[in-house]
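Listed below are the residues making up each chain.
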Amino acid sequence: ESFILLNTSLEKLNLSQMQGRMGEKMAKEMTSLIEEFSKNNQRMQRRNLTVRNVDISLVKNLNDRQKDSFIAWVSGQAQRVVVDAGGRIVSGDDYVADFEEYWTFRRSGESWLLESIGKGMKSSPLSQENVDEGTSEEMLKWYYSKDRAV
């Protein structure tokens, strides 16, 4: 849900749909981005957007709940462009292209806030392991003994 809301918010140059869904640093980054586009009388668009996969790639479940986080891998296709007030493409992709992003969320009370968006393999959490601080070895054995949906 956050993925579509943020992309439509950027296209509309209005972050009100993302209120309470982003961490402070991310909110400042997105506000600056929107201010820059507005100043130049431009908008960002993801044309022909198709989300193919969203997978949780990394979970950090810590004893201090306010430090819990997870990373969602989002992949799909879109033509990313910046358009002027007349709808003419100023910059961006010539055609629809694959994209891959890593969205990091952090717990805040009972909500999850978007903290950052990384693009491409250099942002991949694949070199890291999941963390579950309060779980005993017996609990892990029990969990992994159960059948899971495929």
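Everything below is about the structure printed above this text.
What comes next concerns the included structure. (Residues numbered from 1 in each chain as written. Predicted model: local features only at pLDDT ≥ 70, side-chain atom pairs only at ≥ 80, totals over all residues. Heavy atoms only, no water.)

**Topic: the overall build of the protein**
Within the protein one finds three helices and six strands. Projected onto its principal axes, the C-alpha positions of the protein cover 60 × 30 × 25 Å. Taking all 150 residues of the protein together, 31% fall into the buried category. Here the analysis covers contacts within the protein between residues at least 6 apart in sequence; of these, 54% occur between residues at least 24 apart. By element, 49% of the accessible surface of the protein is carried by carbon and sulfur atoms, the whole surface being about 9,900 Å². (Helix = DSSP H or I, 4+ residues; strand = E, 2+ residues; numbered from the N terminus. Buried < 20%, exposed > 50% of the residue type's maximum accessible area, 1.4 Å probe, protein only. Contact = heavy atoms within 4.5 Å. Areas by Shrake-Rupley, 256 points an atom, 1.4 Å probe, with all protein chains shown as cover.)

**Overview of the side chain of R107**
Mapped onto the elements of the fold, R107 is located in strand 4 (residues 97–108). The exposure class of R107 is buried, given its relative accessible area of 12%. When residues no more than four places from it in sequence are discounted, the contact partners of R107 are R65, Q66, D68 and W112.

**So, the pairing of strand 5 (residues 111–119)**
As defined by bridge partners, strand 4 adjoins strand 5 across eight bridges and the pair is classed as antiparallel. Along strand 5, the bridge assignment pairs R107 with W112. Between the end of strand 4 and the start of strand 5, which pair antiparallel, lie two residues, with G109 showing a positive phi angle near 65°. (Pairing = 2+ DSSP bridges.)

**Some details on the layout of surface pockets**
Of the voids in this model, the largest pocket is the one considered here, and its volume is about 310 Å³. What lines the largest pocket is simply I56, S57, L58, V59, N61, N130, V131, D132, L140, Y143 and Y144. Sorting the residues of the lining of the largest pocket by element identifies strand 1 (42–61), strand 6 (131–132) and helix 3 (137–144) as the ones contributing at least two each. It is strand 1 that provides the largest number of residues to the lining of the largest pocket, a total of five residues. Looking at side-chain class alone, the lining of the largest pocket contains seven nonpolar, three polar and one charged residues. (1 Å grid on protein atoms, 1.4 Å probe; cavity = no way out; pocket = protein on both sides within 12 Å on 5 of 7 lines; lining within 4 Å. Points joined across faces, edges and corners; volume = space filled by probe spheres on them. Nonpolar A, V, L, I, M, F, W, Y, C, P; charged D, E, K, R; others polar.)

**Things to note about helix 2 (residues 24–39)**
A rise of 1.5 Å per residue sets the reference length of helix 2, with its 16 residues, at 22 Å; its end C-alpha atoms lie 22 Å apart and thus fit the reference within 8%. Among all positions of helix 2, only M26, M30, I34 and F37 are buried. Buried residues in helix 2, looked at end-on, bunch into an arc of 65°, giving them a common side. Across helix 2 from its buried face, at more than 90 degrees, point the exposed residues E24, K25, K28 and K39. Its buried side turned inward, helix 2 meets helix 1 (2–12), strand 1, strand 2 (69–84) and strand 5. One or two positions beyond helix 2, positive phi appears at N41, with a value near 55°. (Expected span 1.5 Å × (residues − 1). Arc of directions from axis to C-beta.)

**Regarding the nonpolar core**
Core analysis: the biggest nonpolar cluster contains 21 residues, and L6, L15, M18, M22, M30, W103 and L114 have the highest contact counts within it. Elements with a minimum of two residues in this core: helix 1, helix 2, strand 2 and strand 4. Among the elements that line this core, the one with the most residues is strand 2, at five residues. Beyond its immediate chain neighbours, meaning those up to four positions away, W103 contacts S2, F3, L6, F70, I71, A72, V74, L114, S116 and I117. (Core = buried A, V, L, I, M, F, W, Y, C linked by side-chain atoms within 4.5 Å.)

**Considerations on the pattern of salt bridges**
One pass over the structure, following the stated rule, counts 10 salt bridges. In this structure, the salt-bridge partner of R21 is E1, at a minimum N-O distance of 2.8 Å. Placement of the pair is R21 in the loop between helix 1 and helix 2 and E1 in the segment before helix 1, with a sequence separation of 20 residues. Between R65 and E110 there is a salt bridge whose closest N-O contact spans 3.8 Å. With R65 in the loop between strand 1 and strand 2 and E110 in the loop between strand 4 and strand 5, this residue pair connects regions lying 45 residues apart in the sequence. (Salt bridge = Lys/Arg side-chain N within 4 Å of Asp/Glu carboxyl O.)

Everything listed is a geometric property; what it means functionally is a separate question.
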